Amino acid sequence: MAVALLTQRDIERYGASLARCYRIDDTPDFDALLQLIDKADAAHQAQAQALTAEPTPIA
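Throughout what follows, the structure given in this document is the object of discussion.

## Quick word on the overall build of the chain
The helix and strand inventory of the chain stands at two helices and zero strands. Taken against the 2.2 N^0.38 rule, which gives 10 Å for 59 residues, the C-alpha radius of gyration of the chain at 19 Å runs more than 25% over that of a compact globule. Dimensions along the principal axes, computed over C-alpha positions, put the chain at roughly 60 × 30 × 15 Å. Residues counted as buried form 2% of the 59 residues belonging to the chain. Just so you have it, the chain exposes about 6,100 Å², and 57% of that area is on carbon and sulfur atoms. Of note, the chain has its 5 positive side-chain charges centred 8 Å away from the centre of its 9 negative side-chain charges.

## Let's talk about the layout of surface pockets
Quantified by volume, the largest pocket comes out at close to 640 Å³. Lining the largest pocket we find 18 residues, and of these Ala-4, Leu-5, Leu-6, Cys-21 and Tyr-22 sit closest to its centre.

## Considerations on the packing of aromatic side chains
All chains considered together, the criterion is met by zero aromatic pairs. In this arrangement the basic side chain of Arg-13 is found over the ring face of Tyr-14, its NZ or CZ atom lying 5.9 Å from the centre.

## Some thoughts on the pattern of salt bridges
If charged atoms from side chains of opposite charge come close, those side chains can pair. In the structure shown here, the tally under the stated rule is one salt bridge. Salt-bridge contacts for Arg-13 lead to Asp-10; the nearest nitrogen and oxygen are separated by 3.8 Å. In this pair, Arg-13 and Asp-10 both sit in helix α1 (residues 8–14), three residues apart, roughly one turn of the helix.

Parameters at a glance
Each chain has its residues counted from 1, running along the sequence as written. Local features in this predicted model are restricted to residues of pLDDT 70 or higher, and side-chain atom pairs are both shown and tallied only at a pLDDT of 80 or more, whereas totals for entire chains, interfaces and linings draw on every residue. In computing side-chain properties, one takes all heavy atoms of the structure into account and sets aside hydrogens as well as water. Elements are defined by DSSP. Helices are runs of H or I of four residues or more, strands are runs of E of two residues or more, and each kind is numbered from the N terminus. With the radius of gyration taken over C-alpha atoms, the globule rule is written as 2.2 Å times the number of residues to the power 0.38. Buried residues are those whose accessible area, probed at 1.4 Å on protein chains only, stays under 20% of the maximum for their type, while exposed residues exceed 50% and partly exposed ones sit between those limits. Values of accessible area rely on a 1.4 Å probe in the Shrake-Rupley scheme; residue burial ignores everything except the protein chains shown. Counting rule for charge: Lys and Arg are taken as positive, Asp and Glu as negative, and neither His nor the chain ends is counted. Here the site of a charge means atom NZ of a Lys, CZ of an Arg, CG of an Asp or CD of a Glu. A 1.4 Å probe that fits but cannot get out identifies a cavity on a 1 Å grid over protein atoms alone, an open set with protein on both sides within 12 Å along at least five of seven lines counts as a pocket, and a residue lines either if it has an atom within 4 Å of a point. Grid points are joined across faces, edges and corners, and a volume is the space filled by probe spheres set on the points. The rule is short: rings of Phe, Tyr and Trp, with Trp giving its six-membered ring, pair when the centres are within 6.5 Å, and they are stacked under 30 degrees, edge-to-face over 60, tilted in between. Either the NZ atom of lysine or the CZ atom of arginine qualifies as a charge over a ring when it sits within 6 Å of the ring centre and within 35 degrees of the ring normal. Any carboxyl oxygen of Asp or Glu that lies within 4 Å of a side-chain nitrogen of Lys or Arg is treated as forming a salt bridge with it.

Take a look at the structure:
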């Protein structure tokens, strides 16, 4: 399963290789959703970097 935001041109290009495609109507709330996704992604990346960072030695 994959979730993607595609333009109409993308849909036409991939055509038959798309098993299912659900159209999302333009709505003012959609921009807010994209901002929340970006914020969650940034938080996830920051957490992943913190977990892989070298520990700071205590002096």
